[in-house]
Amino acid sequence: MTKEMDEPIKTVVCRNCNAAIDEETFVTHLKVCDSCGHHHYLTAHERLELLIDAGSFEEHDADLYSIDSLEFPEYPQKLARDIAKTGLRSEMLSGIANIGGHPTAIAIGDVRFIGGTCGSVIGEKVTRCIERALENRVPLVLVSVSGGMRMQEGTLALMQMAKTAAACAAYAKEGVFYISVVTDPTFGGATASYTSLGDVIIAEPGARIGFAGPLAVASLREELPEDFQKAESLLAHGFIDAIVHRAEMRRMLMELLEFAR
Ligand SMILES: [Zn+2]
């Protein structure tokens, strides 16, 4: 028996349909379920690799990190845990990269960091990314994932909505091009600010996008539509412009960047 045959085949269970998928196939298929098409979470680095020209990423603001300014219970421990787990110092990776040869300012959220919530660092990183795009007159691609604004940073987190929205407004005024890519889940202040301010807003299939989460909304209404806060429903109601499969996202960005050149 060879060494390979001795090794058990690792499987991943789909979060949506419970199908067992062997890990190699899961990774090869970009963490999209073969049976139901559910798009599972990607890390910021995995998504970066998927979208940009290989080797073209220059990271900026890597040294920004959150502090526990409100002395919120257990927040420093949670930050330390997620820094160790993700290898990131904050919930977002940002910099400049080429996409199909087009230099682009890009920022990508990582859902593994304090539940993908937006703290003050995400606001600062998004704002600096927008300002960098403006300074260099290059297009902007922001990939959102967010569990809402971070309660451990209170008002400091909430303020990031106004700050990023103001930066988006300044950017739009200059007529530079912003593509907002929305991934599952994107909620709260991100949806209510920079995520919704793109010239083009693209979501992955099935992505849950909203302001208040479905449990909070369900407490106010008896019944919610089946596709409530799903990308497909938001497309039908004009909130987003397109739904694009993960495997096609890079090609779509390249076409849009070429169009806007
Ligand atoms: Zn599935």
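Residues numbered from 1 in each chain as written. Predicted model: local features only at pLDDT ≥ 70, side-chain atom pairs only at ≥ 80, totals over all residues.

K.L.:
What am I meant to see in the domain arrangement of the protein chain here?
P.N.:
The accessible area lost on association of the parts is a frequent measure of interface size. Domain boundaries assigned for the protein chain yield domain 1 (1-40) and domain 2 (41-259). Between domain 1 and domain 2, the C-alpha centre-to-centre distance is 27 Å. The interface is formed by seven residues belonging to domain 1 together with nine residues belonging to domain 2. In terms of residue class, the side of domain 1 that touches domain 2 is made up of two nonpolar, four polar and one charged. (Domains from an automatic or database assignment. Contact = placed C-beta atoms within 7 Å. Nonpolar A, V, L, I, M, F, W, Y, C, P; charged D, E, K, R; others polar.)

K.L.:
It is not clear to me how the pairing of strand E6 (residues 140-147) should be interpreted in this structure. Could you clarify?
P.N.:
Regular strands have side chains that alternate between both faces of the sheet. Of all the eight residues making up E6, eight are buried; the element is thus mostly covered by neighbouring parts of the structure. Alignment of strand E5 (residues 102-109) against E6, held across four bridges, turns out to be parallel. Residue pairing in the sheet places Ala107 in a bridge with Leu142 of E6. Read as a crossover between parallel neighbours, the route from E5 over helix H5 (residues 120-136) to E6 is right-handed. The β-α-β motif built from E6, the intervening helix H6 (residues 154-173) and the parallel element strand E7 (residues 178-187) has right-handed crossover chirality. (Buried ≥ 20, exposed ≤ 12 C-beta atoms within 10 Å, placed from the backbone. Helix = DSSP H or I, 4+ residues; strand = E, 2+ residues; numbered from the N terminus. Pairing = 2+ DSSP bridges. Right-handed = clockwise from strand over helix to strand, strands pointing away.)

K.L.:
I keep staring at the nonpolar core and nothing clicks. Help me out?
P.N.:
The nonpolar side chains of a soluble globular protein tend to be buried with one another. Counting 46 residues, the largest nonpolar core has Ile108, Ile130, Leu140, Val141, Ile179 and Ala203 as the members making the most contacts within it. No other element matches the six residues that H5 contributes to this core. Not counting the four nearest positions on each side in its chain, Val141 is found in contact with Thr104, Ile106, Ile179, Val181 and Leu253. (Core = buried A, V, L, I, M, F, W, Y, C linked by C-beta atoms within 7 Å.)

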